[in-house]
Amino acid sequence: MSILVRDPDIDRQVRALAKRLDCSLQEAVGYALKMEREHAASRRAAIETATREARAGLNLAGQFKDDGLTHKDFWDREYGDT
């Protein structure tokens, strides 16, 4: 399977990366994809950590209670639609 890049700016960026890494165009694209996956995983981990810490802080303050309701169930209960 091949990839056709018609955007001259993207072509220029891939070629510049390949030159900087001293590798083929295919390896440069693979490297960029790998870096994007790692970046996304890192951001996901940071968000999960921040969420855990926020929940822990709310639990300590007695502000967060998990009653097992879905978002819809909660609002249905609040507005008497159950």
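Just so we're clear, the structure is a prediction, and the values are computed from it rather than from any experiment. (Residues numbered from 1 in each chain as written. Predicted model: local features only at pLDDT ≥ 70, side-chain atom pairs only at ≥ 80, totals over all residues. Heavy atoms only, no water.)

### Digging into the packing of helix α1 (residues 8-21) against helix α2 (residues 25-61)
Applicable threshold: In this analysis, axes come from line fits to C-alpha atoms, helices being fitted only over the stretch in contact, and the angle between any two N-to-C directions falls in the range 0 to 180 degrees. Put simply, DSSP marks the helices as runs of H or I at least four residues long and the strands as runs of E at least two long, and each gets a number from the N terminus on. Convention used here: angles under 35 degrees read as roughly parallel, angles over 145 as roughly antiparallel, angles from 65 to 115 as roughly perpendicular, and any remaining angle as oblique. In what follows, residue pairs with any heavy atoms lying within 4.5 Å of each other are defined as contacts. Polar here means any residue other than Ala, Val, Leu, Ile, Met, Phe, Trp, Tyr, Cys and Pro, which are nonpolar, and Asp, Glu, Lys and Arg, which are charged; Gly is therefore polar.
One way to put it is that α1 packs onto α2 with a least axis distance of 8 Å and a crossing angle of 95°. In terms of orientation, α1 lies roughly perpendicular with respect to α2. The residues of α2 that touch α1, namely those facing V14, R15, L17, A18 and L21, are L25, A28, V29, Y31 and A32. The residue inventory of the contact of α1 with α2, partitioned by class, reads nine nonpolar, no polar and one charged.

### Re the confidence of the model for the protein
We apply this condition: Known as pLDDT, the predictor's per-residue confidence is scaled from 0 to 100.
Looking at the protein as a whole, its pLDDT mean stands at 90, while 95% of the residues score no less than 70. Mean pLDDT values over the elements of the protein span from 90, in helix α3 (residues 71-78), up to 96, in α1.

### What to know about the pattern of salt bridges
Under the convention used in this document: By definition, a salt bridge exists where a carboxyl oxygen of Asp or Glu is found within 4 Å of a side-chain nitrogen of Lys or Arg. Note on exposure labels: buried denotes an accessible area under 20% of the residue type's maximum, exposed denotes more than 50%, and partly exposed covers the range between, all computed with a 1.4 Å probe on protein chains only.
This model, assessed by the stated rule, comprises five salt bridges. In this structure, D9 and R12 form a salt bridge, with 2.3 Å as the shortest nitrogen-oxygen distance. Of the two residues, D9 and R12 are both situated in helix α1; the distance of three residues between them amounts to about one turn of the helix. Assessed through its relative accessible area of 36%, D9 is described here as partly exposed. When the shortest N-O distance is used, the salt bridge between D76 and K72 registers 2.7 Å. Residue D76 and its partner K72 are located together in helix α3, separated by four residues, close to a single helical turn. Take D76: its relative accessible area is 18%, and that puts it in the buried class. Its relative accessible area of 56% is what places K72 among the exposed residues.

### A closer look at the packing of aromatic side chains
Centre-to-centre distance and the angle between the planes together describe a pair of aromatic rings. Stated formally: The criterion for an aromatic pair is that two Phe, Tyr or Trp rings (for Trp, the six-membered ring) have centres within 6.5 Å, with stacked assigned to planes under 30 degrees apart, edge-to-face to planes over 60 apart and tilted to the rest.
This structure, assessed with the given rule, holds two aromatic pairs. A network of ring pairs unites the aromatic residues F74, W75 and Y79 as a single cluster.

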